[in-house]
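Chain by chain, the residues run as shown.
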Amino acid sequence: MMKLESEHRYHNLLDDDHANEMLEGEGSGLAARVGELEARCSRQAEELLCLRSTLADVLRRLNALEGRPPPPAQRNGTYTATSSTPTRELRLRQPSYRETVKRTSSYGSNTSTLQQRRGPQHQSTGSLQSDSPASSSSLSPAPSPSPRATPAPLHVTPYRSRNNSTSSQTQQTTLTKRWNSTGDFNAQGLLPNTRFTTTKSLLNLYSKSSQNGSILKHGTHTCQYNEDDGSIRMYLRGRPVVLHGPEGDAPDLTKVAPPPQAKLKLEWVYGYRGKDCRSNIYLLPTGEIVYFVAGVVVLFNVEEQCQRHYTGHTDDVKCLAVHPNKLVVASGQCAGHDRVDARPHIRVWNSVSLATLAVLGAGSVERGVAALSFSRADGGALLAAVDDGPDHTITVWDWQRPERNCLAETKCSVDTVVAVEFHPLDKNQIVTCGKNHIAFWTLDAANVLYKRMGVFESRDKPKYVTCLGFNQNGDVLSGDSNGNIIVWGRGTNTIAKLVRGVHSGAVFSLCALKDGGVVTAGGKDGRVVLFDGDMNATGTENVIEGHYGGVRVVAEGRGSQLYIGTTKNCILHGDLELGFAPAVLGHVDEVWGLAAHPSLPQFVSAGWDRLLQLWDGLSHSTVWSKDIEERAQCCAWSPDGDAVAVGCLSGRWLVFDPHSRDLIAQHQDGSEPIQCIVYSPDGLRVALGSRDNYVYVYQVDGARYSRVGKCPGHSSYITHVDWSEDSQYLRTNSGDYELLYWNATTCRQIPSASSMRDVVWASNNCPVTYTTVGVWPEGADGTDVNSCTRSPDSKLIATGDDFGKVKLYAYPVTQPKSLCHAYGGHSSHVTAVRFLPDGSRLLSAGGNDTALMQWTID
């Protein structure tokens, strides 16, 4: 009997164990199926969003082709946006080039095909602070693909100028691609924190931000006109400056000179900010990558080689985030010069229409916005931001709410915070990381943020947690300064898996792919490595060439393509199998040198990064780039285009052959920087202004440069030099606002300034002259205007100043009260402005923002 009972119990236990095993098996299988279902739903949701945004872009282009205005914008909140009619020209796809190039040596491109690049045309943006409610437009040819490594061009096809100005009525009926920009700062400053349009309707994709700029009044300082000697006395910081005008020219100082009829339109932005920013490249469904440099967010279609620009910011853009619907973008900026308009804030805008949807944090953000992230599990209703203040405050915004849209705000960390991310699957879960920490946040129903610090246990705690990502299971991935990748279990603050030594140096980027794989990149070793969903190495990797810099960010492109941003401000595109080629190149340090070719639509730039680069203004590409091993301060073309001279900070100056890139001459004049360098119109002399207060003049005989002498007389450093049209005289400005004249043959000063009143000057680089009186605002420092240039037809003059503004005046600017058109975009002092030889475009260099901008003149 007892034996039967024991057997019965034994069989019951076996049945229970079997049942438990079945339940555990079914439970694990169910969990796997649920996870697979979540991943499938996520992929389908992404496909729907991609279709939606693609449909929006198609509707915009169809309306443009049919010549119909888009549907009216929906009225929402306190603002009704106006409509715009984009247009587009049908084009053939140009082939993309895959050859890699050496940044330290040179980039080549065949410039002889420039005139054949006629097909695609596009319109770019207006200015940051537009001069009129209706924005003008400009046409430019579609550029070539990324530059290729080819031999230096030995023959260059002559440039034939085109008339690019067209009326708005004509443009609405032609098949050209019209891109609209932003400029939504009103006269009172920043837009209020209200919701302007909703993202729930495709109708709002056509809404356009208002462009209520103002024409700036300049030169309101007191000036006196002396009828006896025909001179104007103006004052710079209390110091009188006497300027003699042409014989018989008696200006009425009480009149206000009008602005020119011509206006500028931002056509192209050269450069990218990767040296100190993270997670700032994203691919949009329209095929454009979005990134930023200076105060401009660029939308660049690498395949079609065209750009659009969001120009709503007033200073350096520091971070980006893309909404889950792939239509809306948020960008954050740091504090600027103006205490009202340039306060740090966040702008949320539509990537199709470029209309601003919301402005957040103006007045509450400290210093700048360090990181941004849209919520994903709830469809993007929330936006998280971390500022650059001492407490690195984390803020959660209901960005579509018209008022009281800040839901939660708390101190994040006393240490640096480099990234913030919403969890893609769990609502109201946020992760931040930075110096010595990773934190997991929960936003509860009462909008209170709770923090749990990541527990590193006994493992080596990294000095920095440098980047964040998520796998398809919802686990958090983090890369750190030790080169390790850590997997944090979903919903926990503990380590589930540690992958050691993935990179030799910090892991700067984690990119989760749609197929479940993960791409990691290290800044020091330049390796880009592919892992599977369980963080097991697949053996597929690539190494970025060192002259492009270390990897800063990796973004997924179409198919197997990846986009890589580097620490040397380059953007590369390609895949792990075939390698990567440059899509965007730029300078890394301050840019001071800028010079336009005397006859072709090309220009050179040089900066403190020791790079001399030749650019093509029509194809918007780099012809070549050369490391000159000296920090450059200025540059100039010879009149025949056969030589480029570069002045350096060490007092050396170098001359290069632009065709072969060979060094043909080098000289040393003092130990102070060469501030400016200009060839005479006949090409037989070159003048150099140095920071040692001297002007050096050299005789030019082919590749031989012989010093004629030096011009003593200035009591401060030389800032600008002009030659007379007959190449006999020089005029110079200095740091103490002096205007002196020189005989270029004898290098002697001409003491009688009045005797030079009727001399015709080949250029107007000097901002302290009779013809530039009106470019100086009241109370201006004599160094506020960094650069000045006159158009080839002598109808316009442009200036670049210490406040990041490019200004356009009617030439001559002899009235102290003169109006101008002012344009933003640069976030640093504008160090140089130059017109292309046909006068159709203006170039500007942004100093510390490392950006070069090309403007069309309408």
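For clarity, every value in this text was computed on a predicted model and none was experimentally measured.

Procedures and definitions
- Residues numbered from 1 in each chain as written.
- Predicted model: local features only at pLDDT ≥ 70, side-chain atom pairs only at ≥ 80, totals over all residues.
- Heavy atoms only, no water.
- Helix = DSSP H or I, 4+ residues; strand = E, 2+ residues; numbered from the N terminus.
- Buried < 20%, exposed > 50% of the residue type's maximum accessible area, 1.4 Å probe, protein only.
- Contact = heavy atoms within 4.5 Å.
- Areas by Shrake-Rupley, 256 points an atom, 1.4 Å probe, with all protein chains shown as cover.
- Pairing = 2+ DSSP bridges.
- Axes fitted to C-alpha atoms, helices over the stretch in contact; angles between N-to-C directions.
- Phe/Tyr/Trp six-rings, centres within 6.5 Å; stacked < 30°, edge-to-face > 60°.
- Lys NZ or Arg CZ within 6 Å of the ring centre and 35° of its normal.
- Core = buried A, V, L, I, M, F, W, Y, C linked by side-chain atoms within 4.5 Å.
- Polar contact = N/O pair within 3.5 Å; in protein donor to acceptor, adjacent residues only side chain to side chain.

Caption draft 1: The overall build of the protein, seen in detail. On a plain count of helices and strands, the protein comes out with two helices and 61 strands. Going through the 858 residues of the protein one by one, you find that 60% of them count as buried. Across the protein, contacts joining residues at least 24 apart in sequence account for 55% of those joining residues at least 6 apart. Accessible surface computed for the protein: about 33,300 Å², of which carbon and sulfur atoms make up 50%.

Caption draft 2: Looking closely at the pairing of strand β41 (residues 611-616). With six of six residues buried, β41 is to be regarded as a mostly interior element. Residues Leu611, Gln613 and Trp615 line one face of β41 and the alternating positions Leu612, Leu614 and Asp616 line the opposite face, and both faces are buried. In this structure, strand β40 (residues 602-607) lies alongside β41, joined through five bridges in antiparallel fashion. Counted as the bridge partner of Phe603 is Trp615 from β41. From the end of β40 to the start of β41, which pair antiparallel, there are three residues, and Arg610 there has a positive phi angle of about 70°.

Caption draft 3: Structural detail: the sheet that holds strand β45 (residues 652-656). With respect to topology, four strands assemble into an open sheet ordered β43-β44-β45-β46, the strand pairing being antiparallel. The strands lining the two open edges of the sheet, one partner per strand, are β43 (632-637) and β46 (663-668). Pairwise comparison of adjacent strand axes, ignoring direction, gives a mean angle of 15° for this sheet. Sheet topology places strand β44 (residues 644-648) next to β45; four bridges connect them, and they run antiparallel. Bridging from a neighbouring strand, Val646 pairs with Leu654 of β45.

Caption draft 4: Main features of the packing of aromatic side chains. Tallying each qualifying case throughout the model produces 15 aromatic pairs. Between Trp653 and Tyr698, the ring centres sit 4.8 Å apart and the planes meet at 75°, which makes this aromatic pair edge-to-face. Here Trp653 is found in strand β45, whereas its partner Tyr698 is found in strand β49 (residues 695-701), with 45 residues between them in sequence. According to the relative accessible area criterion, Trp653 is buried, its value standing at 0%. When its relative accessible area of 4% is taken as the criterion, Tyr698 is described as buried. Taken together, Tyr270, Phe603 and Trp615 form an aromatic cluster joined through their ring pairs. Arg552 extends its terminal NZ or CZ atom over the ring of Phe508, reaching a point 4.7 Å from the ring centre. Between the NZ or CZ atom of Arg691 and the centre of the ring of Tyr717, over which it lies, the distance is 4.0 Å.

Caption draft 5: Representation of the pairing of strand β34 (residues 537-543). Looking at chain direction, strand β33 (residues 527-531) and β34 are connected through four bridges and run antiparallel. Pairing of Val528 across the sheet is with Asn542, part of β34. Two successive antiparallel strands, β33 and β34, enclose a turn made up of five residues, where Met535 displays a positive phi of approximately 60°.

Caption draft 6: Examining the environment of Arg610 more closely. Turning to its location among the elements, Arg610 is positioned in the loop between β40 and β41. For Arg610, a relative accessible area of 37% puts it in the partly exposed group. Arg610 sits 19 residues away from Glu629 along the chain, and the two C-alpha atoms are 5.4 Å apart. Apart from the residues within four sequence positions on either side, Arg610 is in contact with Lys626, Asp627, Ile628, Glu629, Glu630 and Arg631.

Caption draft 7: Looking closely at the nonpolar core. Within the largest apolar cluster, 45 residues are counted, with the highest numbers of intra-cluster contacts made by Ile281 and Tyr291. Per-element accounting of this core gives the leading share, five residues, to strand β10 (residues 264-270). Leu236, Val241, Tyr770 and Val785 belong to the second largest nonpolar core, which has 26 residues in total.

Caption draft 8: Structural context of the environment of His309. With respect to the helices and strands, the residue His309 is situated in strand β14 (residues 306-310). Spatially, the C-alpha atom of His309 lies 8.1 Å from that of Leu266, the residues being 43 residues apart in sequence. A distance of 2.7 Å separates the side chain of His309 from the side chain of Gln307, its partner in a polar contact.

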